[in-house]
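Results of the structural survey
Spelled out, the chains give:
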Amino acid sequence: MTGKFITFEGPEGSGKSTQIKRLAEKLDAQSVKVVCTREPGGTATGEAIRNILQHDAVDEPLCDRAELLLFTASRAQLMEGVILPALGRGEWVLCDRFIDSTIAYQGYARGMLIDTLDRINNFAINSRKPDLTLLLDLDIERGFERLEERYADGKGSADRFEREARDFHHRVRDGYHQLAQREPARFRVINSDQPIEDVSCAIWNVVKEVLL
Ligand code: TMP
């Protein structure tokens, strides 16, 4: 039997990585084998691409089309090297961001054509879409307050996307809402402006209802 593929999406500071860890623990307690991964990244190639995309590893401004193709190159490598093999072994894959980040960030926020992005995404993933996408929805200002708390101890600093203007991030969030409406069977919207425990309970209820 093939495994299940769940992606986590949301604006900055929406708590995706915390919630992925918690869901993985719950699935583990049910004896489900779980692989957690992230985008961009998750493979050696993907992590090198992540450094270019987020941390200005190369001292040169990236044009929008190069940015898009780097994200999708990382995605193709992750799909081929990690996600499809794990699903084939019957394991569940939890992925921090996936195709919908490209539509929200490069499409709705940067203004690239959604239709073109859909086609490039489909090529990168060989048409294997997630079984379930959890959109952790959060007010943009609230998300940035959380980021400030995260960086308050001087460890880490805002990356290339976190430094974008607030308008950019509002377009990202609106874009996610449109995506959730476009594919209601795949998406579930979770209010992330609640205590961590309540968010993880809401996620667990959805996973049980939809996939278990
Ligand atoms: P994160 O892993 O810390 O969430 O950072 C990833 C950043 O990259 C985040 O700001 C969203 C952005 N991104 C895109 O713009 N397009 C994409 O396709 C993906 C996967 C991420």
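First, a word on scope: everything that follows refers to the structure included in this document. (Residues numbered from 1 in each chain as written. Predicted model: local features only at pLDDT ≥ 70, side-chain atom pairs only at ≥ 80, totals over all residues. Heavy atoms only, no water.)

**A look at the nonpolar core**
Spelled out, the test is: Nine residue types can take part in a nonpolar core, namely buried Ala, Val, Leu, Ile, Met, Phe, Trp, Tyr and Cys, and a core is a set of them joined through side-chain atoms within 4.5 Å. Any residue under 20% of the maximum accessible area for its type is buried, any over 50% is exposed, and the rest in between are partly exposed; the area is computed with a 1.4 Å probe on protein chains only. We count a stretch as a helix when DSSP gives it H or I for four or more residues in a row; a strand needs E for two or more, and each element gets its number in order from the N terminus. Whether two residues are in contact is decided by their heavy atoms, any of which lying within 4.5 Å being enough.
Ile6, Phe8, Leu23, Leu94, Leu134, Ile203 and Val207 are the most contacted members of the largest nonpolar core, which has 19 residues in total. Of all the secondary structure elements, the ones that give two or more residues to this core are strand S1 (5-9), helix H1 (16-29), strand S3 (92-96), strand S4 (132-137) and helix H8 (196-211). Top element by residues in this core is H8. It accounts for six residues. When neighbours within four sequence positions are excluded, Leu134 is seen to be in contact with Ile6, Thr7, Phe8, Glu9, Arg188, Ile190, Ile203 and Val206.

**Structural notes on the environment of Met79**
Note that Met79 resides in helix H3 (residues 64-88). C-alpha of Met79 to C-alpha of Asp153: the two residues are 74 residues apart in sequence and 35 Å apart in space. Beyond its immediate stretch of four places on either side in the chain, Met79 contacts Phe5, Leu84, Pro85, Phe98, Ala124, Ile125 and Arg128.

**A word on the site of the ligand**
Convention followed: Nearness is judged by heavy atoms alone; a residue qualifies as near a molecule or strand once a single heavy atom is within 4 Å of it. Contacts described as polar in this section are N or O atom pairs within 3.5 Å, which, within protein, must combine one atom able to donate a hydrogen with one able to accept it, while residues neighboring in sequence count only if both atoms come from side chains. Surface accessibility follows the Shrake-Rupley procedure with a 1.4 Å probe radius. Residue values consider only the protein chains on display as shielding. Each residue is assigned to one class: nonpolar for Ala, Val, Leu, Ile, Met, Phe, Trp, Tyr, Cys and Pro, charged for Asp, Glu, Lys and Arg, and polar for all the others, Gly among them.
Surrounding the ligand, one finds 13 residues, the nearest of these being Glu12, Arg75, Arg97, Thr102 and Gln106. For the ligand, an oxygen atom lies 2.7 Å from a polar atom in the side chain of Glu12. Between Gln106 and the ligand, the recorded distance is 2.8 Å, taken from a side-chain N or O atom to a nitrogen atom. Within the complex, the protein chains bury 93% of what would otherwise be the 480 Å² of accessible surface of the ligand. Looking at the shell around the ligand, the elements that each hand over two or more residues are helix H2 (44-55), H3 and helix H4 (99-109). Of all the elements, H4 adds the most residues to the shell around the ligand, at four residues. Of the residues that constitute the shell around the ligand, the class distribution is three nonpolar, four polar and six charged.

**Overview of the packing of helix H6 (residues 140-151) against helix H7 (residues 166-182)**
The line we're drawing: Here an angle of 0 to 180 degrees is reported between the N-to-C directions of two axes, which are lines fitted to C-alpha atoms, with helices fitted over the stretch in contact. In a left-handed crossing the near helix is turned counterclockwise from the far helix by less than a right angle, and in a right-handed crossing that turn is clockwise.
One way to put it is that H6 packs onto H7 with a least axis distance of 10 Å and a crossing angle of 115°. As H6 packs across H7, the resulting crossing turns out to be right-handed. Only Arg166, His169, His170 and Arg173 of H7 make contact with H6, whose side of the interface consists of Ile140, Glu141 and Phe144. In terms of residue class, the contact of H6 with H7 is made up of two nonpolar, two polar and three charged.

**Some thoughts on the side chain of Glu162**
The criterion, for reference: Positive charge is attributed to Lys and Arg, negative charge to Asp and Glu, and no charge count is given to His or to the chain ends. A side-chain nitrogen of Lys or Arg and a carboxyl oxygen of Asp or Glu constitute a salt bridge if their distance falls within 4 Å.
Tracing the sequence through the fold places Glu162 in the loop between H6 and H7. Arg150 provides the closest opposite charge to the buried, unpaired Glu162, separated from it by 4.6 Å. Setting aside chain neighbours within four positions, we find Glu162 in contact with Glu12, Phe144, Leu147, Tyr151, Ser157 and His169.

**Regarding the pairing of S4**
This is how it is decided: When DSSP finds two or more bridges between two strands, those strands count as paired.
With six of six residues buried, S4 lies mostly within the body of the structure. Neither face of S4 is left uncovered, since the one carrying Leu132, Leu134 and Leu136 and the one carrying Thr133, Leu135 and Asp137 both have all their residues buried. With four bridges connecting them, S1 and S4 associate as parallel partners. Looking across to S4, one finds that Ile6 is bridged to Leu132.

Taken by themselves, the reported measurements are silent on function.
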